[in-house]
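# Architecture and fold: a report
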Amino acid sequence: MLNLHLPRAVGAWLSNLTGQSPERRRADASDTVMHWPPTAARVLISAERHAHKSIAQALALEQPKGFLLAHVPLHKLVRVPKQYSYREWLSRTGLLTVDFALCDEHGYVRSVVLLPIAEDQPRHSRKRERLLRVLGATELAVTHWDREWQNEASDRLRDKLFPKARASGYYADTPHANH
């Protein structure tokens, strides 16, 4: 009867001759970095870089010590009540991201900016609809970016990005605040 394990036995014998142990081979086979060497990628495309620059200037007027974050996963921006399964929440929303999150100095999100998506991609449109439904249930200001705004004055852009009326006791944490 023919031994069907002969190739495996020969391979093991050759590996022993060359000094490769089975454990070493398994480690090499699962080493993603070795088999697919990563390289640095561009995080923001040209339109995103222009939007980022304009939004950062407007954010500096509203929240001088604030943060501007790009490509933020939705699950980092909103929380669900603890009596519900976080795993279920993550399975439904884990792949949704916002283009820009404008945060105050304490890291709380105050506004979200979404860049336009191509209308010819129905999958992206469905994801955007889900994202908007979730964001609509929060108190976050959601702004749909218009490319023309990159030439807008920072103070006018600030009013578009932070549309909520300020309370009478509002005090901006800036040296030039007159409130």
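Everything here concerns the structure above.
Since we're looking at a predicted model, the values are computed, not measured.

Right, let's get into the overall build of the protein chain. Along the protein chain, the regular secondary structure elements total eight helices and four strands. Going from N to C terminus, the protein chain has its helices and strands arranged as α-α-α-α-β-α-α-β-β-α-β-α. Burial statistics for the protein chain: of 179 residues in total, 27% are counted as buried. Contacts in the protein chain between residues far apart in sequence, at least 24 positions, make up 62% of those at least 6 positions apart.

Right, let's talk about the pairing of strand β4 (residues 141-144) for a bit. Where a strand is regular, its side chains alternate between the two sheet faces. Burial along β4 is one-sided: Ala 141 and Thr 143 are buried, while Val 142 and His 144, pointing the other way, are not. As paired strands, strand β3 (residues 109-114) and β4 are joined by four bridges and run parallel to one another. Looking at β4, one finds that Val 112 is bridged to Val 142. As a crossover connection, the stretch from β3 through helix α7 (residues 122-136) into β4 is right-handed.

Moving on to the environment of Ala 70. As for its placement among the helices and strands, Ala 70 is situated in strand β1 (residues 67-73). Between the alpha carbons of Ala 70 and Arg 49 there is a distance of 9.9 Å; along the sequence they are 21 residues apart. Apart from the residues within four sequence positions on either side, Ala 70 is in contact with Leu 44, Asp 99 and Phe 100.

Read from one edge to the other, the open sheet built from four strands follows the order β1-β2-β3-β4, with strand pairing classed as mixed. Strands at the two margins of the open sheet, each flanked by one partner only, are β1 and β4. Going from strand to strand, the sheet's axes swing by 30° on average, the running direction of each strand aside. Of the strands in this sheet, β1, β2 (97-103) and β3 are in contact with helix α4 (residues 46-62), which crosses β2 at around 25°.

Inspection of the secondary structure assignment puts Glu 48 in helix α4. For the buried residue Glu 48, which engages in no salt bridge, the nearest side chain bearing the opposite charge is Arg 49, 7.1 Å off. Within the structure, Glu 48 has its side chain in polar contact with the side chain of His 71 (distance 3.4 Å). Dropping the residues within four chain positions of it, Glu 48 is found in contact with Val 43, His 71, Phe 100 and Leu 115.

Moving on, we get to the pattern of salt bridges. One pass over the structure, following the stated rule, counts six salt bridges. A salt bridge links Asp 104 to Arg 110; the shortest N-O distance between them is 2.6 Å. Its relative accessible area of 5% is what places Asp 104 among the buried residues. Note on Arg 110: relative accessible area 40%, which makes it partly exposed.

Nonpolar side chains tend to gather and get buried jointly when the protein is soluble and globular. Residues Leu 77, Val 98 and Val 112 are the most contacted members of the largest nonpolar core, which totals 16 residues. Looking at this core, the elements with two or more residues in it are α5 (74-77), β2, β3 and α7. When residues no more than four places from it in sequence are discounted, the contact partners of Leu 77 are Val 72, Val 98, Ala 101, Val 109 and Val 112. In this structure, Ala 51, Leu 115, Trp 145 and Trp 149 belong to the second largest nonpolar core, which totals 14 residues.

Turning our eyes to something else, we now look at the packing of aromatic side chains. This model, assessed by the stated rule, comprises one aromatic pair. Ring centres of Trp 145 and Trp 149 lie 5.6 Å apart, and the angle between their planes is 85°; this geometry places the pair in the edge-to-face category. For the pair Trp 145 and Trp 149, a shared accessibility class is recorded, and that class is buried.

On to α7, then. With 15 residues, α7 ought to run about 21 Å at 1.5 Å a step, and its terminal C-alpha atoms sit 21 Å apart, in line with that. Along α7, the positions that sit buried rather than exposed are Arg 128, Leu 131, Val 134 and Leu 135. Buried residues of α7 fall within an arc of 125° about the axis and therefore sit on the same side. Along α7, the residues that are exposed and aim more than 90 degrees away from the buried face are Pro 122, Glu 129, Arg 133 and Gly 136. Looking at the buried positions of α7, the neighbouring elements they touch are α5, α6 (86-93), β2, β3 and β4.

Parameters at a glance
Residues numbered from 1 in each chain as written. Predicted model: local features only at pLDDT ≥ 70, side-chain atom pairs only at ≥ 80, totals over all residues. Heavy atoms only, no water. Helix = DSSP H or I, 4+ residues; strand = E, 2+ residues; numbered from the N terminus. Buried < 20%, exposed > 50% of the residue type's maximum accessible area, 1.4 Å probe, protein only. Contact = heavy atoms within 4.5 Å. Pairing = 2+ DSSP bridges. Right-handed = clockwise from strand over helix to strand, strands pointing away. Axes fitted to C-alpha atoms, helices over the stretch in contact; angles between N-to-C directions. Lys, Arg positive; Asp, Glu negative; His and termini not counted. Salt bridge = Lys/Arg side-chain N within 4 Å of Asp/Glu carboxyl O. Polar contact = N/O pair within 3.5 Å; in protein donor to acceptor, adjacent residues only side chain to side chain. Core = buried A, V, L, I, M, F, W, Y, C linked by side-chain atoms within 4.5 Å. Phe/Tyr/Trp six-rings, centres within 6.5 Å; stacked < 30°, edge-to-face > 60°. Expected span 1.5 Å × (residues − 1). Arc of directions from axis to C-beta.

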